[in-house]
Structures are given as structure tokens and as C-alpha cells.
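Remarks on the overall topology
Next come the chains, spelled out residue by residue.
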Amino acid sequence: MASYKHYKEENFNKVLFDYPEAGSLFKSGAVADAAKLLFEKQKHEWPLLKKGTQSLADTKFREINFNGFKIKLQYNPNRITSTQAKTDNKSIKERECFLCYSNLPPEQKGILYEHEYLIVCNPFPIFDEHFTLPNINHFPQAIKGHFRKLLNFSKDLSKHYSVFYNGPKCGASAPDHLHFQAGSKNFLPVEQGFETIKGLYGEDILSNINIEVTGVNDGLRRFISIESINDKLIINVFELLYGLLQNLINRNEEPPLNIIAGYEEERGWRIIIFLRSKHRPSRFFAREDSNILFSPGVVDMGGVCILPREKDFKNLNKEILNEIFNEVVLGKEYFDYIKSGLRKRLDS
Ligand SMILES: [Zn+2]
């Protein structure tokens, strides 16, 4: 359950949650409704968000069909800064952190969640309603030690939203500041088509009445899904998976991954963990003709490829998508190692 009581004790001068109706919704535990109302109010009162949502309404979509699933292309010029974000240490040190509450624009209001996160609207939305969920303190993006919070957020916001995580080297445009994102539930094709994709391409790793763990390789993406109503079981599987991935990279840093966390009252959580080999494809850095400004993070893995340039939106086809995805997702032999490692550890 989210808490509101510390709100007044904290002195978030610039990030005040000053919509009383949303405040009372939040206090009653209706976190998703409170967030929805926050977005509604902010959309009218914060010009940057108003512009962002209007420009989203004008975005163009194209669909590319694969066997059993589809990938959507979204032409979204408003995302150019995020797609091109420089996330190397030097560039990060030289810029002001846009997720630190002291740097948020005065119009940007937020909800303080569980004493340590803010729920704020993303003024460059991909989803009809798009939130950033930054920690109130400035420290590096990492899922280790914070996975539980992803579960809490996804449960509390589940009425309207799913919650997302991009690894620090795998799509997060602020790798120096811990944050999640939330966006309209079932907007991503992988959420809508999950059962079909799992049926066609999934392999059971563990399946009993309490939990289902599945490895899915649909030809474009390789992911592990964890479905359960029991948070402790989910955390256990995630930690085993994380350990295996870390063995694989053999470095003391976070393995590249993207996560979608959804929750339904009847069946509990569904966590989708996309396993990656790297963030940006070589075409991102290529010259002229073969260059494509595509910087895949969790939304792209989920089946909505964000393209800020019209030329890429027009040119991207099935063949190039196959090439790019296979370059940035974890290789098949490594994926097999992860699946069998997970199976062994879960059996014992
Ligand atoms: Zn920061």
C-alpha cells in the first residue's frame, strides 16, 4: 500500500502534489486513479506536456507482421533527444540531471510514492499517458535491490498502467538516476499478444500452480517471463536469473536488460525480461544510407519501435528489423545457457 503521510513532512518545494482530488484518491489507495487525474490536470496546466500530448496525437504508425505477432513503428519526432541521448560517463557528468527533483520545472507536479519515488508526467510521451517514476535521490540506475519496488509500482498502478525498466546501458536516458516508467496498459503488442507468442515460441522452465517461468524466442526477441501472484517466488526467480546473466557477462555491472511489469487482480504479476547483448545497433552509428536512428529500449522490445526520423520510419522493413533485433538481443547459445541454468537451479 502506498503511503501519503510523509508527504507534508518532506520539503519538496518544487514538486508539490497540489491537486486535492488526486490527493484524496491517492490517500485512499487508488494510486492509478490518482496518477490518471494528475496526468489529466497537468496536460492542461503544463504547456510542455500539452504540446507533447498533442504531438503524440499526430504521430503516424505502421505495422509489420511476423508469424504470430506484430511490430508497430511509431514516427515520433518529439523523441529525438531521447533517442540520441548521450549516456557515456563524460556527457552525463556535464549535464544537469533532469530527474533530480531540484531540477524539475516548477509546473511539473508529482506524487510522492512510498517515501522515496515520485510519479511525474513525461512531457515527451510515447504512451497516451506516460509517467516517469524517479527516485527522490540521485543515484545510479540499477535493478538489483530495487526489483521489489517495480513489483509494488506495477501492482499499485495496474488499474490503468504497466511499469517499465530500462537498464543503465540498455535504453535508460538517465543512467545516473534510478527511475522506472509507467504507461498505458496493453499498449505494447507484446502485452496484447503475450499468450499467442508464448504458445508459439515459449518453452517451460518451471510450471506449477504457484508460478510459471517461460523462455521465449520469437525470432526477434529473447525473453524470460515470470507469472505468479506470489511476489517472493518472483523475486527468487529474478535473482537467480540475474546471477546467471552476470556470470555470462563476467563483469561487475548490470547485464543489459529491459523489463515490463504488469499485474492483474486474478492472476498476479506477469514480468517480461528481455535479454540483450547491447543497446544500440551498428546501424545507429553507420554513415549515410545504412544509418538508422533507432535506439531500442523496453518500448521497442515490447513491439513499438520509436523512430524520430521520417526516413527511418519509411525505410524500416522486416529484413532490417530482423537484422537489428538479432544484433541487440542475447545470442541463442547464451539464451540456451540461461534457460538450462535457470531450470537446474529451480529444480534443486
Ligand atoms: Zn538526478
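A brief look at the structure comes next.

Reading guide: rules and limits
Residues numbered from 1 in each chain as written. Predicted model: local features only at pLDDT ≥ 70, side-chain atom pairs only at ≥ 80, totals over all residues. Heavy atoms only, no water. Helix = DSSP H or I, 4+ residues; strand = E, 2+ residues; numbered from the N terminus. Rg over C-alpha atoms; globule rule 2.2 N^0.38 Å. Buried < 20%, exposed > 50% of the residue type's maximum accessible area, 1.4 Å probe, protein only. Contact = heavy atoms within 4.5 Å. Areas by Shrake-Rupley, 256 points an atom, 1.4 Å probe, with all protein chains shown as cover. Lys, Arg positive; Asp, Glu negative; His and termini not counted. Charge placed at Lys NZ, Arg CZ, Asp CG, Glu CD. Donors = N, O, S within 2.8 Å, 3.2 Å for Na, K, Ca; no water. Salt bridge = Lys/Arg side-chain N within 4 Å of Asp/Glu carboxyl O. Pairing = 2+ DSSP bridges. Axes fitted to C-alpha atoms, helices over the stretch in contact; angles between N-to-C directions. Phe/Tyr/Trp six-rings, centres within 6.5 Å; stacked < 30°, edge-to-face > 60°. Lys NZ or Arg CZ within 6 Å of the ring centre and 35° of its normal.

Quick notes on the overall build of the chain
Counting its regular elements, the chain contains 14 helices and 13 strands. Relative to its length of 348 residues, the chain is compact, with a C-alpha radius of gyration of 20 Å against a globular reference of 20 Å. The principal-axis extents of the C-alpha atoms in the chain amount to approximately 50 × 50 × 35 Å. Residue burial in the chain is summarised as follows: out of 348 residues, 57% are buried. Contacts spanning at least 24 positions in sequence make up 67% of the contacts within the chain whose residues lie at least 6 apart. With an accessible surface of roughly 15,300 Å², the chain has 49% of that area assigned to carbon and sulfur atoms. Considering the chain, the positive charge centre built from 47 side chains and the negative charge centre built from 44 side chains are found 2 Å apart.

As for the coordination of the zinc ion
Listed as protein donors to the zinc ion are Cys97 (SG), Cys100 (SG), His138 (ND1) and His177 (ND1); their distances from the metal cover 2.1 to 2.3 Å. Judged by relative accessible area, which is 14%, Cys100 ranks as buried. Its relative accessible area of 41% is what places His138 among the partly exposed residues.

Overview of the pattern of salt bridges
A side chain of one charge can pair with a side chain of the opposite charge if their charged atoms are brought near each other. Scanning the model with the defined rule gives 25 salt bridges in all. As a salt-bridge pair, Lys36 and Glu129 come within 3.0 Å of each other at their nearest N and O atoms. Remark: Glu129 occurs in the loop between β4 (117-121) and β5 (130-134) and Lys36 occurs in helix α2 (residues 31-45); sequence separation between them is 93 residues. Residue class for Glu129 comes out buried when judged on its relative accessible area of 14%. Across the pair Arg221 and Asp218 runs a salt bridge, and its minimum N-O distance is 2.8 Å.

Brief notes about the environment of Leu178
By the element assignment, Leu178 lies in the loop between β6 (161-166) and β7 (179-184). Owing to a relative accessible area of 0%, Leu178 belongs among the buried residues under this scheme. Measuring from C-alpha to C-alpha, the distance between Leu178 and Leu133 comes to 8.6 Å, with 45 residues separating the pair along the chain. In contact with Leu178, not counting residues within four places along its chain, are Tyr117, Leu133, Pro134, Asn135, Phe139, Pro140, Gln141, Ala142 and His146.

Examining the sheet that holds strand β13 (residues 304-307)
Read from one edge of the open sheet, three strands run β1-β2-β13, paired in mixed fashion. Edge positions in the sheet fall to β1 (60-66) and β13, since each has one partner strand and no second. Neighbouring strand axes in the sheet, compared pairwise and without regard to direction, differ in orientation by 20° on average. Pairing geometry for β1 and strand β2 (residues 69-75), over seven bridges, is antiparallel. Residue Phe66 lies in a different strand from β2, and its bridge partner there is Phe69. The strands touched by helix α13 (residues 318-328) are β1, β2 and β13; relative to β1, the strand with the most contacts, the crossing angle is about 80°.

A look at the packing of aromatic side chains
Counted under the stated rule, the structure contains 19 aromatic pairs. When the centroid spacing of 4.0 Å and the interplanar angle of 0° are considered together, the rings of Phe147 and Phe238 count as stacked. Here Phe238 lies in helix α9 (residues 231-249) and Phe147 lies in helix α6 (residues 147-156), a separation of 91 residues in the sequence. When its relative accessible area of 5% is taken as the criterion, Phe147 is described as buried. Between Phe153 and Phe180, the aromatic rings sit 6.1 Å apart at their centres with planes inclined by 70°, giving edge-to-face as the arrangement. You can see Phe153 sitting in helix α6 and its partner Phe180 sitting in strand β7, a full 27 residues away along the chain. One aromatic cluster in this structure is built from Tyr113, Tyr117, Phe153, Tyr165 and Phe180. Above the face of the Phe61 ring, Lys72 is positioned so that its terminal group lies 5.6 Å from the ring centre. Seen from the ring of Phe69, Arg221 lies directly overhead, with NZ or CZ sitting 4.9 Å from the centre.

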